Amino acid sequence: MKKIPPFKLEKIPLSVESKNLPGFKWADENIGSRNKLGGEPDFIQGEDVPICEDCKKRMTFYAQLDSINDEYCIADCGMIYVFMCFECNNVKSIIQSN
Ligand SMILES: [Zn+2]
């Protein structure tokens, strides 16, 4: 399994609408800024690395995408985790939440 070195992804608004989007009312301070590429997934509910459906190997963690605000909230302040198999070009994503 290929492993990607970690990158922090910063949420930079690209429009006036996104710049003026209200944040979370009650969520913890770090929620909304946990976006990243590579490294290790910050699982909320425990490890859940998918297996590639073709080669049956563990898939590479590619990215995690955080909830944006109360309007664009992934379940209960959760995240989307994206995995990839570089050999078969398969992708799988999962959601974990509080
Ligand atoms: Zn594969």
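The structure under discussion appears in the preceding block.
Overview of the structure. Quick caveat, the model's predicted, so the values are computed rather than measured. (Residues numbered from 1 in each chain as written. Predicted model: local features only at pLDDT ≥ 70, side-chain atom pairs only at ≥ 80, totals over all residues. Heavy atoms only, no water.)

### Overview of the overall build of the chain
Working step 1: Counting its regular elements, the chain contains one helix and five strands.
Working step 2: Its helices and strands in sequence order give the chain the pattern β-α-β-β-β-β, from N to C terminus.
Working step 3: With respect to the three principal axes, the spread of C-alpha positions in the chain is 45 × 25 × 20 Å.
Working step 4: The buried share of the chain, taken over its 98 residues, is 36%.
Working step 5: Contacts in the chain between residues far apart in sequence, at least 24 positions, make up 60% of those at least 6 positions apart.
Working step 6: Accessible surface computed for the chain: about 6,700 Å², of which carbon and sulfur atoms make up 54%. (Helix = DSSP H or I, 4+ residues; strand = E, 2+ residues; numbered from the N terminus. Buried < 20%, exposed > 50% of the residue type's maximum accessible area, 1.4 Å probe, protein only. Contact = heavy atoms within 4.5 Å. Areas by Shrake-Rupley, 256 points an atom, 1.4 Å probe, with all protein chains shown as cover.)

### Observations concerning the coordination of the zinc ion
Working step 1: Coordination of the zinc ion by the protein involves Cys52 (SG), Cys55 (SG), Cys85 (SG) and Cys88 (SG), with metal-donor separations of 2.3 to 2.4 Å.
Working step 2: Viewed at the metal, the four donor atoms of the zinc ion are separated by angles of 107 to 113 degrees, and the geometry they form is tetrahedral. (Donors = N, O, S within 2.8 Å, 3.2 Å for Na, K, Ca; no water. Tetrahedral: all angles 85-135°; square planar, octahedral: opposite > 155°, others 65-115°.)

### As for the packing of aromatic side chains
Working step 1: A full pass over the atoms with the stated rule returns three aromatic pairs.
Working step 2: Taken together, Phe43, Phe61, Tyr81 and Phe83 form an aromatic cluster joined through their ring pairs.
Working step 3: When the ring centre of phenylalanine 86 is taken as reference, the NZ or CZ atom of lysine 2 above it lies at 4.6 Å. (Phe/Tyr/Trp six-rings, centres within 6.5 Å; stacked < 30°, edge-to-face > 60°. Lys NZ or Arg CZ within 6 Å of the ring centre and 35° of its normal.)

### A word on the environment of alanine 75
Working step 1: Take alanine 75: it is sitting in the loop between strand 3 (60-66) and strand 4 (79-85).
Working step 2: Spatially, the C-alpha atoms of alanine 75 and glutamine 96 are 8.0 Å apart, while their sequence positions differ by 21 residues.

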